[in-house]
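# A look at the structure
Residue strings, one per chain:
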Amino acid sequence: MIVHYIINNWIGLVIVAILLLIMIYFYLFYPQQLLPPGKSVEIQTPEPQKYMNDCLHPCVRFIPEGFMGYKWWMVQSPYYARNNKLENPILYFSKDEEFPSNWECIGVVYDTPQTGYNSDPTLFCENNKLWIFWRECGTPVCNELGVLRATVGFSTNDCKHFSPLQVYLTDKNPDKDTEQCPVLIKRDDKYLFYATHYQYKPVRKNIGLAIWEGTSLENPDFKLKGMPTFKSVYTCDAWKQLITKKQYWFIPMPLKYDLWHFDLFEYNNRLYMFSSSEWGDNIMLSVSDDYENFKTYRKPLINTHYTESIERHWKYYYKPTGYIADDVLNLYYTGTGEREPNRNILYSAKAKLKFN
C-alpha cells in the first residue's frame, strides 16, 4: 500500500511538473507583442514609376525647437523588389503636431551612384542645421578611398542648398561590417555613431555593435571607439500553426534574436534601441544604462505571427524607428506588403509602456 501510494504520488508530481514546464514554455515563446498591430502609413516617393512609393529604411526625428518651422522629419530609402539601385535617401517633413501619419516629400537628396549603391540613411539636427547621412557600398567614393563601404553625409539649412559631401566612417573588410545602419547621437561634447557589427562570411550573423567617436561634424575625425558584444535573447516564434475560420493557433518555438537594423532614442538618461533581424519576424526593444551594453526585452514590440492572427496577413519586418514621450512609445517600422509583395510598407503603432 505504501509503495503504491509513493509511486502514484511520484507519477502525479512528474505529470504536474511536465504540465508546469509546458505552461512556462508557452508563456515565454507563444507569439505575443507589446504594441497593438500597426497601421499602414501612406508614403509618396518622387518618380513613382521608379521608386514605387516604397519605404524600406526610415529614420524619423522629432525636433522640439523645429527645423524650417516643422518638428517632424524623416529620411528613408526605398528597396522595391530588392533593387539596391533604388536605395537613395529621400527626405520628408510633417505638419502634424503629434506622431505623424501624413508625410510630405521634399525629394531625393542624393541619386544613384554610377557604381554600387546607397543605403541606410539617418538624420541628425543641431543648431538649426539638418544633417543627412547614409552608407555607400562599392560607389566611386568608396573606390577613390580604397574601401568597400563608407558612411557619408552633408548638411542643409533650407533643404535646397547642401554642404559639400564628407566622409565620416569607412570599412574595407569583405567579411564583416562595422558601419551597417549607422545612427548618430551626441553625448556631452562627443558625437557617437552606433552601427551594427555584422559578419557576412562564412555565416551571416550579428557579432555586436560598433561605436565610432568624433568631435566634429564639420571636420570629421571619427575613430572606432569600441565593438561591444550584443547579448542576444530568445524570443517567441511559431513552429507550426493551425488556422480555423476564427482563430490562429500556434505551436511555439524559441527564436534566438539576430540584430540587423536599428534606431536609437534617449529617454530618462537611458539609451533605447528599436531593432529587427534581416527580414525577420520580430521588432525588438533594448535598453542601455551605460550607452554601450544593451539588455533586450524578451517580448517583442511587434511579432508577425501575432499580427497575422489578427490581420490574416504574413509580413517580414526590416527596419524600425521611434520616439518616446511621457512613457508612450511611438513606433514606425517597415514590412512587406499584402497585395504587393515586392513593395515595402511603413507602419505605425504606439502604446504606453513602463520605462523604469
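What you see is a predicted model, and the numbers here were worked out from it, not measured in a lab.

With that settled, consider the pattern of salt bridges. This model, assessed by the stated rule, comprises 16 salt bridges. Of the charged contacts in the structure, one is a salt bridge between Lys319 and Asp263, with a shortest N-O distance of 3.7 Å. You can see Lys319 sitting in strand β23 (residues 317-325) and its partner Asp263 sitting in strand β18 (residues 261-267), a full 56 residues away along the chain. A relative accessible area of 1% places Lys319 in the buried class. The network of salt bridges with shared partners includes Asp120, Arg135, Arg149, Asp171 and Asp177.

Once that is clear, we can look at the nonpolar core. With 37 residues, the main nonpolar core has Leu35, Trp103 and Leu301 as its most contacted residues. Of all the elements in the fold, those that place two or more residues in this core are β3 (70-77), β4 (90-94), β18, β19 (270-276), β20 (282-288), β23, β24 (328-336) and β25 (344-352). In terms of residue count, β25 provides more of this core than any other element does, five residues in total. For Trp103, the contacting residues outside a window of four places in its chain are Val41, Ile43, Val60, Trp72, Trp73, Met74, Tyr92, Phe93, Ser94 and Tyr332.

A few words on the environment of Thr115. Mapped onto the elements, Thr115 comes out in the loop between β5 (104-108) and β6 (117-126). Between the C-alpha atoms of Thr115 and Asn143, which are 28 residues apart in sequence, the distance is 9.4 Å. Thr115 has contacts with Lys85, Gly138, Thr139, Pro140 and Asn143, leaving out every residue within four places of it along the chain. At 3.1 Å, the side chain of Thr115 forms a polar contact with the backbone oxygen of Gly138.

Let us now look at helix α4 (residues 304-311). Within α4, the full set of buried residues consists of Thr304, His305, Thr307 and Glu308. Along α4, the residues classed as buried sweep out an arc of 160° about the axis, all on the same side. The inward-facing, buried residues of α4 abut β15 (238-243), β16 (248-252), β22 (302-303) and β23. A distance of 3.0 Å separates the backbone nitrogen of His305 from a side-chain oxygen at the start of α4, and that oxygen is part of Asn303. Arg312 occupies a position one or two residues after α4 and carries a positive phi of about 60°.

Turning to unusual backbone geometry, a few remarks are in order. Between Lys201 and Pro202 the backbone carries a cis peptide bond, its omega angle lying at 0°. Here Pro202 is to be found in the loop between β11 (190-199) and β12 (205-214). The backbone of Phe99 sits at a positive phi, close to 25°, despite the residue not being glycine. A positive phi angle is found at Cys181, which is not glycine, with a value near 55°.

Conventions used here
Residues numbered from 1 in each chain as written. Predicted model: local features only at pLDDT ≥ 70, side-chain atom pairs only at ≥ 80, totals over all residues. Heavy atoms only, no water. Salt bridge = Lys/Arg side-chain N within 4 Å of Asp/Glu carboxyl O. Helix = DSSP H or I, 4+ residues; strand = E, 2+ residues; numbered from the N terminus. Buried < 20%, exposed > 50% of the residue type's maximum accessible area, 1.4 Å probe, protein only. Core = buried A, V, L, I, M, F, W, Y, C linked by side-chain atoms within 4.5 Å. Contact = heavy atoms within 4.5 Å. Polar contact = N/O pair within 3.5 Å; in protein donor to acceptor, adjacent residues only side chain to side chain. Arc of directions from axis to C-beta.

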